[in-house]
Amino acid sequence: MSLRLKIFLPLFFFGALLFTYLYGYWMPHSLFYAEEEYRKSTERHIDSVMEGIVPFLLSGQIDTIHENLNTLMHKNKHWLGLQLFDPAGKLIYPLQSSLKPDIGNKPDIYTIEKQIVYFETKLGRLTLTVDYGQRLNVIRSEHNELAFTLLLSTGVFFVCIWFVLERVVSRPIKVIANASKRLADGDFDAPLLKTGQDEIGTLADSFCDMRDAIRGYQTELTRKNESLKEEHEFLLSTIESLSHPFYVIDASSYRIVLANKAAYSGPVIPENLTCYYMTHGRSGPCSGEDHPCCIAEIRKTKKPAVLEHTHLSDKGVKNIFEIYAYPILDEKGAVSRVIEYCIDVTEKRKADEEKEQMAAQLLHLQKLEAIGTLAGGIAHDFNNILMGMMGYCDMARYSVPEGSEIVEMLDNVLKAGKRAKYLVQQILSFSRQTEQMKTPLKIQDSIEEALKLLRASIPTTIEFRKNIDTHCEPVLADPTQMHQIIMNLCTNAYHAMRKTGGVLGVALKKVDIERDGHTTGMILSPGEYLKLEVSDTGHGIEHAVLDRIFEPFFTTKEIGEGTGMGLAVVHGIVKSHGGHITVYSEPGIGTTFNVYLPVLKQAVSAREEDPRNIRPSFESLPGGNERILLVDDEEEIALMGRQILEKLGYSVSSFTKPLDALEALHAKPDSFDLVITDMTMPLMTGLEFAHKILALRKDMPIILCTGFSELINGDRAKVIGIREYVMKPILISEIAATVRRVLDRKDNVSGN
Ligand SMILES: Nc1ncnc2c1ncn2[C@@H]1O[C@H](COP(=O)(O)OP(=O)(O)OP(=O)(O)O)[C@@H](O)[C@H]1O
Ligand SMILES: [Mg+2]
């Protein structure tokens, strides 16, 4: 129902009610009261008439009565008839009964009848017929006029109200409603009527203000929407540009809310796709050490976390993923979503490990270099000192009578000297400062020989168990160094079982390292290797120190018992032979060392003869009577050498200055059969000296002795024409054998 009708209808009902009241109640009552009033005044009039005619009735003056009543009849036009009867009912007035009023069917005719009594004496009866029609009709017409006027004005009022409502209320409201509708459709420009300062005008103005505000909000909203859209696009493309999987997970349901293509390649993410199913195909949340659940972790801490997932492929290849997880908290501070970013770090880990290994190797090399420098520096002097000490001791040993108790003392001094010499050798071998003489070698022979030596010195509480494949192919190796390996490993094994006894196992066999090298856990190129296994049932090695045993100078032995260089040397030798060494040890059970050495492919006969000297007894020392020129810048050593050689039967000229020696040689070039010279001397090195000698006599045999020198090695010495190259300190037996060997080979070797 329209507002206009709503306002109009009550007015209409009110009008109808008013008219009903007027016609139904007020007008009839008004007529009735008027009629009553007329009747009462007529009765009062009749009463006064009756009072007036009583005297005339009593006196019988009928004429006077007629005269008075006629006058009255004449004056009161609305009196239709007046009749006076005597007590007997006989008409006194008017004289003719025909004068009875003709009332017809007029509606407003009233008859009033009154008894005329005088002190209880009935004098007669008066009847009056009155017509109020004229008077009442006046009132009626007044009523009708009033009703008509009212009706007309009400009608006009209603029409006016109708149009005013239409113009002032309905139309503007319709316009506002229309504008609202268009506003709802997004049209901000619908016209609005200006209705002035009334309520509707205020409403229209408010509407306009509201519309302007909405337009402002709309513009702002559109702008914000656009920038949000741009940001959204930017974020999406940023996420998409990530090459690693990125996704957002609902923390309560584990559902994937957002994922980039690297995480999920399908067109739309299915509604119930969970993170554990998408990443691992699992039916429940991740768990365990290899797959910890990021959401559970983040729920605990509410802080970003980095976790690691390890995957094994069908082929057993291990892949490691780093998962960076970040919490998104709701307004209550609870974790509502989790952002995860996964990076495959398998390659990086490998690279890191390699880097660490390289750093360790570098450190190792640096240590080697430092030790090498140190060793090189001290070896020469140290060996010369030892040479003096051991030489004189050896001489004394040969000089004292057999059975003297001094022999044992001298032997102990010599033993200590040998240990010192051995230590220098170990240090030099470790730092690769010694010459390597690699030759095709049947290592099984070296093992047998070393074990023979060991058996002699190791108590029988230790059982030797050999399992050596005698048909093993040769390896390209330095025999001395191979000997060192076996001796060091077996000595360690013996030391581990010294108190308890046990089994020392030595095995040798050929193995084939598989192509990927994974099965053995070693970094060895695929191929055939000889595997030397040295095992013992000794006390084993604590796991805490297992990583350190190859370090130089690492030892658990008492001072004087071990130098800590054994395994470091073994390791260095094995590496320099392109091999590898592993260790397995269980404390209280025993230890096993495995040495892998590459098999030499071409078939070559292994060296028949081991160059190491077998020490002769004093009596059997080879001697001679040849003439020897001896040069050593250290006087004691020159003297000692001379004494030794002379004791061996040779005639010796010793010099401390190479130039003096050269002079002597120059004077009589043929007066010497052999030259023994030191290497490191002031003014002239042994090499230069040798050059000069060979320039004088190119077939002159020369033995070069050195404490230690980087300038020369055995091969180089031979190229120059030097027959032998010996390391100080050297024992008498070694001197005797070397001199004899060189002198005996003199004629076979052609000088330069
Ligand atoms: N077979 C083994 N059983 C138990 N422990 C061993 C064994 N081999 C080596 N070790 C441990 O490794 C350490 C280092 O050995 P390494 O041979 O390098 O030095 P060392 O034996 O102490 O001294 P060196 O060999 O120089 O005389 C030893 O001190 C010992 O603790
Ligand atoms: Mg050792």
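Remember, predicted model here, so these are calculated numbers, not experimental data.

### Some words on the overall build of the chain
Helix and strand counts for the chain stand at 17 helices and 21 strands. The C-alpha atoms of the chain give 73 Å as radius of gyration, which overshoots the globular expectation for 752 residues (27 Å, by more than 25%). C-alpha extents for the chain along the principal axes are approximately 230 × 55 × 45 Å. Considering the chain as a whole, with its 752 residues, one finds that 40% of them fall into the buried category. Total accessible area on the chain is roughly 43,400 Å²; 56% of this is exposed by carbon and sulfur atoms.

### Quick look at the pattern of salt bridges
By the definition in use, this model includes 31 salt bridges. Lys466 is paired through a salt bridge with Glu448; the nearest N and O atoms lie 2.9 Å apart. Taken together, the residues span a long stretch of sequence, with Lys466 in strand β11 (residues 462-468) and Glu448 in helix α9 (residues 443-457) at a distance of 18 residues. Given the relative accessible area of 48%, Lys466 is considered partly exposed. Given a relative accessible area of 28%, Glu448 falls into the partly exposed group. Across the pair Glu528 and Lys510 runs a salt bridge whose closest N-O atoms are separated by 3.4 Å. Of this pair, Glu528 sits in strand β14 (residues 527-536) while Lys510 sits in strand β13 (residues 502-513); the two residues are 18 residues apart in sequence, bridging distant segments of the chain.

### Regarding the site of ligand 1
Taken together, 20 residues are adjacent to ligand 1, and Asn492, Thr555, Thr556, Lys557 and Thr563 come closest. Here an oxygen atom of ligand 1 and a side-chain polar atom of Asn492 are 2.8 Å apart. The separation between an oxygen atom of ligand 1 and a polar side-chain atom of Thr555 is 2.5 Å. Calculation on ligand 1 without its partners gives an accessible area of 590 Å², and the protein chains cover 92% of this total. Elements supplying a minimum of two residues to the shell around ligand 1: α10 (479-497), α12 (566-576) and β16 (590-598). Tallying contributions element by element places α10 first for the shell around ligand 1, with three residues. Class assignment of the residues belonging to the shell around ligand 1 gives a composition of eight nonpolar, 10 polar and two charged.

### Let's talk about α12
One full turn of an α-helix is made of 3.6 residues, so residues set three or four places apart face in the same direction. Judged by how many residues are buried, α12 sits mostly within the fold: 10 of 11 residues are covered. Among the residues making up α12, those that are buried are Gly566, Leu567, Ala568, Val569, Val570, His571, Gly572, Ile573, Val574 and Ser576. In the segment just after α12, Gly578 is the residue with positive phi, at about 70°.

### A look at the packing of helix α14 (residues 658-667) against helix α15 (residues 686-696)
At a closest axis distance of 11 Å, the pairing of α14 and α15 adopts a crossing angle of 5°. Viewed along their axes, α14 and α15 adopt a mutual orientation that is roughly parallel. Between α14 and α15, the contacting residues are Pro658, Ala661, Leu662, Leu665 and His666 on the first element and Phe689, Lys692, Ile693 and Leu696 on the second. Here the residues of the contact of α14 with α15 sort into seven nonpolar, one polar and one charged.

### Structural notes on the packing of aromatic side chains
Counted by the stated rule, this structure contains 14 aromatic pairs. Centroid distance Phe8 to Phe158: 5.1 Å. Interplanar angle 65°. Geometry classified as edge-to-face. Remark: Phe158 occurs in helix α3 (residues 133-184) and Phe8 occurs in helix α1 (residues 3-59); sequence separation between them is 150 residues. Grouping residues by exposure puts Phe8 and Phe158 together as buried. Ring centres of Phe157 and Phe158 lie 5.9 Å apart, and the angle between their planes is 45°; this geometry places the pair in the tilted category. Residue classification places Phe157 among the partly exposed positions, given a relative accessible area of 40%. Here Phe158 falls in the buried class, since its relative accessible area comes to 10%. Three or more aromatic residues joined by ring pairs form one cluster here, namely Phe8, Phe12, Phe13, Phe157, Phe158 and Trp162. For Arg125, the ring lying beneath its charged end belongs to Phe85, and the centroid distance is 4.4 Å.

### Thoughts on the confidence of the model for the chain
In the predicted model, the chain carries a mean pLDDT of 84, and the fraction of residues at 70 or more is 91%. pLDDT under 50 marks residues 516-520. Its contacts with residues more than four places away, or in other chains, come to three contacts. A low-confidence stretch, residues 748-752 (pLDDT under 50), is modelled with eight contacts involving residues beyond four sequence positions or located in other chains.

### Overview of a nonpolar patch on the surface
Together, Leu3, Ile7, Ile173 and Leu203 make up a nonpolar patch on the protein surface, roughly 300 Å² of accessible area in all. By the element assignment, Leu203 lies in helix α4 (residues 199-241). Using a relative accessible area of 42% as the deciding quantity, one classes Leu203 as partly exposed.

### Looking at the sheet that holds strand β1 (residues 79-85)
Strands sit in the order β2-β1-β4-β3 across an open sheet of four strands; the sheet is antiparallel. Since the sheet does not close on itself, it has two edges, and those belong to β2 (91-93) and β3 (109-118), each with one partner. Put simply, the sheet's adjacent strands are angled 25° from each other on average, direction ignored. Where β3 and strand β4 (residues 121-131) come together, 10 bridges link them in antiparallel fashion. Looking at β4, one finds that Gln115 is bridged to Arg125. Across the sheet, α1 lies against β1, β2, β3 and β4, angled at about 35° from β3, the strand it touches most.

### Focus on the nonpolar core
As a rule of thumb, soluble globular proteins bury nonpolar side chains together. Grouped together as the largest cluster of nonpolar side chains are 50 residues, with contacts concentrated most on Ile447, Ile485, Leu504 and Leu532. With near-sequence residues (within four places) excluded, Leu504 lies in contact with Ile462, Glu463, Phe464, Arg465, Cys490, Ala493, Tyr494, Met497, Val534 and Ser535. Residues Trp79, Ile92, Ile112 and Leu128 belong to the second largest nonpolar core, which totals 26 residues.

### Quick notes on the sheet that holds β16
Strands sit in the order β11-β13-β14-β16-β15 across an open sheet of five strands; the sheet is mixed. Each end of this open sheet is capped by a strand with a single partner; those strands are β11 and β15 (580-586). Going across the sheet, the axis of each strand differs from the next one's by a mean of 15°, ignoring polarity. Where β11 lies against β13, seven bridges are found, and the strand directions are parallel. Considered in β13, the bridge of Arg465 is made with Gly505. Each of β15 and β16 touches α12; the most contacted strand, β15, lies at about 140° to it.

Quick notes on the rules
- Residues numbered from 1 in each chain as written.
- Chains lettered and ligands numbered in written order.
- Predicted model: local features only at pLDDT ≥ 70, side-chain atom pairs only at ≥ 80, totals over all residues.
- Heavy atoms only, no water.
- Helix = DSSP H or I, 4+ residues; strand = E, 2+ residues; numbered from the N terminus.
- Rg over C-alpha atoms; globule rule 2.2 N^0.38 Å.
- Buried < 20%, exposed > 50% of the residue type's maximum accessible area, 1.4 Å probe, protein only.
- Areas by Shrake-Rupley, 256 points an atom, 1.4 Å probe, with all protein chains shown as cover.
- Salt bridge = Lys/Arg side-chain N within 4 Å of Asp/Glu carboxyl O.
- Near = heavy atom within 4 Å.
- Polar contact = N/O pair within 3.5 Å; in protein donor to acceptor, adjacent residues only side chain to side chain.
- Nonpolar A, V, L, I, M, F, W, Y, C, P; charged D, E, K, R; others polar.
- Axes fitted to C-alpha atoms, helices over the stretch in contact; angles between N-to-C directions.
- Parallel < 35°, antiparallel > 145°, perpendicular 65-115°, else oblique.
- Contact = heavy atoms within 4.5 Å.
- Phe/Tyr/Trp six-rings, centres within 6.5 Å; stacked < 30°, edge-to-face > 60°.
- Lys NZ or Arg CZ within 6 Å of the ring centre and 35° of its normal.
- pLDDT = per-residue confidence, 0-100.
- Patch = residues over 30% accessible without salt bridge, like charges linked within 9 Å, V, L, I, M, F, W, Y side chains within 5 Å.
- Pairing = 2+ DSSP bridges.
- Core = buried A, V, L, I, M, F, W, Y, C linked by side-chain atoms within 4.5 Å.

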